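Fold and geometry: a report
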Amino acid sequence: MEHWKRTIERANRCFMAGELVDAREAYLQALALAQVLFERWADADEAVAACVISHHNLADLHLRLNQPEESAEYLCAIHQRLLQTMQDSRLSAPLREAALRQSSKTYVELLNFISDHGEYPRTHRLLGGAAVQPTTSLYGAH
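Residues numbered from 1 in each chain as written. Predicted model: local features only at pLDDT ≥ 70, side-chain atom pairs only at ≥ 80, totals over all residues. Heavy atoms only, no water.

In the annotation of an unreviewed UniProt entry, the chain is listed under the name Tetratricopeptide repeat-containing protein and assigned to Pseudomonas azadiae.

1. Thoughts on the overall build of the chain
For clarity, the cut-off: A run of H or I in DSSP counts as a helix once it spans at least four residues, and a run of E counts as a strand once it spans at least two, with each numbered from the N terminus. The buried label applies to any residue whose accessible area, calculated with a 1.4 Å probe on protein chains only, is under 20% of its type's maximum; exposed applies above 50%, and partly exposed to all values in between. Working rule for contacts: check all heavy atoms of both residues, and any pair within 4.5 Å makes them a contact. Asp and Glu are treated as the negative residues and Lys and Arg as the positive ones, with His and the ends of the chain left uncounted. Charge positions are represented by NZ for Lys, CZ for Arg, CG for Asp and CD for Glu.
The number of helices and strands found in the chain is six helices and zero strands. The order of helices and strands in the chain, counted from the N terminus, is α-α-α-α-α-α. Along the longest, intermediate and shortest principal axes, the C-alpha atoms of the chain span 55 × 40 × 20 Å. For the chain, with 142 residues in total, the buried portion stands at 39%. For the chain, contacts bridging at least 24 residues in sequence account for 57% of all contacts bridging at least 6. Between the averaged position of the 14 positive side-chain charges in the chain and that of its 18 negative side-chain charges there is a distance of 4 Å.

Written out as structure tokens, the structure is:
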């Protein structure tokens, strides 16, 4: 966890200083650490949070680079990973529960992204267009 924290902090410093190439490299390193350690981290909440933060920071970086489709890819990737984690009975119950708790945050981030930047192919596939096309009922509100 400490190595991931130091890496993400270095990436954040680069991002804030406008050193976006160095920030991207450090964010990718942090993401790789989070993914490799995802099922091995002692604290399930920390494991999931590290993965979410790494993905969301990369999404923010790509927005800064005016690459919203890349940003959408990172936001979708982490949301999909959490959905898969929640359903994988091979994984520990604490990890699945942490994924469930964090999935509401990743879902909201996706909705906010779509609201601000529009839909992209992966967001449409992942959410089925539901985020931007509310269903109407012949019978009123449910």
